[in-house]
Amino acid sequence: MTSKPDDWQSMHDGRLSAMIEVAQAAGRHTLKYFGTRELVVDAKKDDSPVTVADREAEQLVRKLLGERFPEDTLQGEEFAEKTGTSAYRWVVDPIDGTKSFVCGVPLYSTLLAVECDGEVIGGAIFIPALDEIIVAGVGQGSWHRKTSDAQWTQATVSSKTDLSTAVFVTSEVGSFAKRGSQNAYAQLERDAWVTRSWGDGYGYLLVATGRADLMVDPICNAWDVAAIMPVIQEAGGKFTDWKGNSTVRGGDGVGTNGHLHAAVLERLSD
């Protein structure tokens, strides 16, 4: 039986509740820098952008979780993994969609997931600039809140079964070319009803709440999608890598309403 996030305090010694609290705290910290002209943007080795907001938000996650669960492992995008001794591992992306963030676009997210014995058991996607959040616990459902003042409502994916009626979202069209999959993108764009670049964590939130039907990541890391898998699956959808494996460490990702998954994977295999 599913239960609302307000009733998750005792689950996994409080980790699912902490996941929500810490994701929101880190996300709200990023608002200190969002939309400011003084924000300095640095380039990583792969030329992707990073800011002080990314670093400070991840440091805050590490501090808050380290105080409550010092024995847990923590993997993040900006700093080296901290190895723990327990069965639990946290996976954080402090700002998923840094390009949106630095451009003042409010669709970036803070992603936080918790794993137990290598399996993801919970995930949170928080959109700080919109104050919108979706969270999931395995076996507990996927729960959406439009603002922090709103009530939790159970999230469900769409029921569409025909790709020609579907909304296809992705983060960046050029990333398909980086892996030599231009044809796959062209097929999905041709066959879907609407294609938009409402991507990153926000794109998956749209799928989980039935506003979009499929989201594709041609290139991703564990911190990009660890929080995504339970959110999509607990909303009734499906998340895999491009080969159809149920993993967050396959190097790519596909989230759909489930009904369209086989059709999407077929086009990605070309």
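Residues numbered from 1 in each chain as written. Predicted model: local features only at pLDDT ≥ 70, side-chain atom pairs only at ≥ 80, totals over all residues. Heavy atoms only, no water.

*Asks:* How should the packing of aromatic side chains be read in this particular structure?
*Replies:* Any pair of aromatic rings gets described here by the distance separating the centres and the angle formed by the planes. For the structure on display, the rule yields eight aromatic pairs. When the ring of Phe168 is compared with that of Tyr185, the centres are 5.8 Å apart and the planes differ by 50°; the resulting orientation is tilted. Here Tyr185 lies in helix α5 (residues 182-191) and Phe168 lies in strand β10 (residues 167-170), a separation of 17 residues in the sequence. Across this residue pair, the class does not change: Phe168 and Tyr185 are buried. Measuring from ring centre to ring centre gives 5.1 Å for Phe176 and Tyr185, while their planes differ by 55°; the resulting arrangement is tilted. Taken together, Phe168, Phe176, Tyr185 and Trp242 form an aromatic cluster joined through their ring pairs. Directly above the aromatic system of Tyr88 lies the positively charged group of Arg15, at a separation of 3.7 Å from the ring centroid. A cation sits over an aromatic face here: Arg179 above Trp242, 3.7 Å from the ring centre. (Phe/Tyr/Trp six-rings, centres within 6.5 Å; stacked < 30°, edge-to-face > 60°. Helix = DSSP H or I, 4+ residues; strand = E, 2+ residues; numbered from the N terminus. Buried < 20%, exposed > 50% of the residue type's maximum accessible area, 1.4 Å probe, protein only. Lys NZ or Arg CZ within 6 Å of the ring centre and 35° of its normal.)

*Asks:* I would appreciate a short explanation of the packing of helix α1 (residues 15-30) against helix α2 (residues 52-68) in the present structure.
*Replies:* A packed helix pair is summarised by two numbers, namely the angle formed by the two axes and the spacing between the axes. Contact geometry for α1 and α2: axes closest at 9 Å, N-to-C directions at 150°. Relative to α2, the element α1 lies roughly antiparallel. Judged by the sense of rotation from one axis to the other, the crossing of α1 with α2 is right-handed. Between α1, through Ala18, Glu21, Val22, Ala25, Ala26, His29 and Thr30, and α2, the contact on the second element is made entirely by Ala53, Glu56, Ala57, Leu60, Val61, Leu64, Leu65 and Arg68. Its residues assigned to classes, the contact of α1 with α2 shows 10 nonpolar, two polar and three charged. (Axes fitted to C-alpha atoms, helices over the stretch in contact; angles between N-to-C directions. Parallel < 35°, antiparallel > 145°, perpendicular 65-115°, else oblique. Left-handed = near helix turned anticlockwise from the far one by under 90°. Contact = heavy atoms within 4.5 Å. Nonpolar A, V, L, I, M, F, W, Y, C, P; charged D, E, K, R; others polar.)

*Asks:* Would you explain unusual backbone geometry in this entry?
*Replies:* In terms of backbone geometry, most residues other than glycine have negative phi values and most peptide bonds are trans. In this structure, Asp131 takes a positive phi of about 60° despite not being glycine. For Asp131, the position within the fold is in the loop between β6 (119-127) and β7 (132-137).

*Asks:* What exactly am I supposed to notice about the packing of α5 against helix α9 (residues 261-268) here?
*Replies:* Viewed as axis vectors pointing N to C, α5 and α9 meet at an angle of 140°, and their least axial separation amounts to 8 Å. Overall, the two elements α5 and α9 adopt an arrangement that is oblique. Packed against α5, whose contacting residues are Ala184, Gln187, Leu188 and Asp191, the element α9 presents Val264, Arg267 and Leu268 at the interface. Split by residue class, the contact of α5 with α9 holds four nonpolar, one polar and two charged.

*Asks:* Sorry if this is basic, but what is going on with the sheet that holds strand β5 (residues 109-116) here?
*Replies:* Within a sheet, neighbouring strands are paired by backbone hydrogen bonds and run either parallel or antiparallel to one another. Spatially, the seven strands line up as an open sheet ordered β3-β4-β5-β6-β7-β8-β9, and their pairing is mixed. If you trace the sheet from one side to the other, it starts and ends with β3 (73-76) and β9 (153-154), each paired once. Bridge analysis of β5 against β6 gives seven bridges, and the strand direction is antiparallel. Along β6, the bridge assignment pairs Thr110 with Phe126. This element, α2, spans β3, β4 (88-96) and β5 of the sheet and lies at about 155° to β4. Strands β4, β5, β6, β7 and β8 (141-145) of the sheet are contacted by helix α6 (residues 200-208), whose axis makes an angle of about 105° with β6. (Pairing = 2+ DSSP bridges.)

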